[in-house]
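Commentary on secondary and tertiary structure
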Amino acid sequence: MTVRGEERAGSSFQAELVVSNYRFRPPYPDQLLQTLISSVPRGGRVLDLGCGPGKIARHLSPFFKHIVAVDPSEAMLGLAATLENGGAPNIAWVQSHAEDVDLGSEQFDLVIAANSIHWMEPGALFAKLRNHVSQDHVFAVASGDDAHDPPWHADWVEFLVKWIPITTGEAFDLQRKASEWSAWRQQVDIKFVDTFISAPLTQRVSEFIACQHSRDAFAPSRLLGRLDEFDMELSELLAPYAVGDLLSFRTRSTLTIGQIRAA
């Protein structure tokens, strides 16, 4: 692994507790992965930015010649290497911020950022990427791996309205966040956007709660001594919707595909 860059926004993903809880995040729908695979028919070379534990890279490895998977968290990359396909010889796990990564003379046919593009500075990122993509490359952004419109949605929103200000110091405002997170679109000519609903998933209440602690807003370090209170309140919220100890839900993921605009 190559170590580059300094601690920046999203540094919570360096924490072992956040990383250990990441295994409770739902996978991306199979259709989303198949769409990525078919977006570059000839296979080729892939750059996975903010790869985390390789939720994308490990699934794409059988279909592409070479994958460079980049993440600033050493712990995330360490986990990735232990999971299915994590030891594939065509994956290079590189510890770096996306804006700083040394890509040498490599050219990529597919660049993907999954639930990570909002942590990156668009100006610096795309200035770098323009030098490392093939002429007919594909640039893709995937987002969304949480419960989609579950039976507890209204209670969940009330929970977020209370807890987001406690952990982030900001009011819960999805519209404002969506606007902030879409700044990268000014750098990309978008070809199409599609959404994918997963097959039904089941998860224990305790695992669903642990999954929340893999997210930056609810990282244990942000809860400042209120972790037990958070977990108990969320457990009580979810209990009426569980059968035994199991919740059932689907996820909704969005895939945006385009090409990076010329400077």
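Please read all numbers here as calculations on a predicted model, not as lab measurements.

1. A look at the nonpolar core
As a rule of thumb, soluble globular proteins bury nonpolar side chains together. L32, L36, I56, L60 and L110 are the most contacted members of the largest nonpolar core, which has 28 residues in total. Within the residue set of this core, elements represented by two or more residues are α2 (30-39), α3 (57-60), β2 (66-71), α4 (74-82), β3 (91-95), β4 (108-114), β5 (133-143) and β9 (252-260). Residue contributions to this core peak at 4 residues, all from α2. With residues up to four places along the chain from it excluded, the contact list for L36 reads I56, L60, F64, L110, I112, A140 and L255.

2. Some thoughts on the pattern of salt bridges
Counted by the stated rule, this structure contains 9 salt bridges. The salt bridge involving K55 is made with D145; its shortest N-O contact spans 3.0 Å. Of this pair, K55 sits in the loop between β1 (45-49) and α3 while D145 sits in the loop between β5 and α6 (153-168); the two residues are 90 residues apart in sequence, bridging distant segments of the chain. Judged by relative accessible area, D145 falls into the buried class, the value being 2%. The partner of R222 in a salt bridge is D216, and the shortest N-O contact between them spans 2.9 Å. Given the relative accessible area of 14%, D216 is considered buried. A single network of salt bridges, built from pairs that share partners, joins R25, K55, D145 and R215.

3. What about the packing of aromatic side chains?
Going through the model one piece at a time under the given rule, you end up with 14 aromatic pairs. When the ring of F159 is compared with that of W163, the centres are 6.0 Å apart and the planes differ by 35 degrees; the resulting orientation is tilted. Of this pair, F159 and W163 both sit in helix α6, separated by 4 residues, roughly a single helical turn. You'll find F159 and W163 in the same group, each marked buried.

Thresholds applied
- What you see as residue numbers is a count from 1 along each chain, following the sequence as written.
- Residues qualify for local features only when their pLDDT is at least 70, as the model is predicted, and side-chain atom pairs are given and counted only at 80 or more; totals for whole chains, interfaces and linings, by contrast, use all residues.
- Each side-chain value is derived from all of the structure's non-hydrogen atoms; neither hydrogens nor water enter the calculation.
- What is meant by a nonpolar core is a set of buried Ala, Val, Leu, Ile, Met, Phe, Trp, Tyr and Cys residues, joined one to another through side-chain atoms within 4.5 Å.
- Think of it in three bands: residues with accessible area under 20% of the maximum for their type are buried, residues over 50% are exposed, and the middle band is partly exposed, with areas taken using a 1.4 Å probe on protein chains only.
- Think of it this way: any DSSP run of H or I at least four residues long counts as a helix, any run of E at least two long counts as a strand, and we number them from the N terminus.
- For this analysis, residues touch if any pair of their heavy atoms sits within 4.5 Å.
- A carboxyl oxygen of Asp or Glu within 4 Å of a side-chain nitrogen of Lys or Arg is what we treat as a salt bridge.
- Aromatic rings from Phe, Tyr and Trp, with only the six-membered ring used for Trp, were paired whenever their centres fell within 6.5 Å, and each pair was classed as stacked if the ring planes differed by under 30 degrees, edge-to-face if by over 60, and tilted otherwise.

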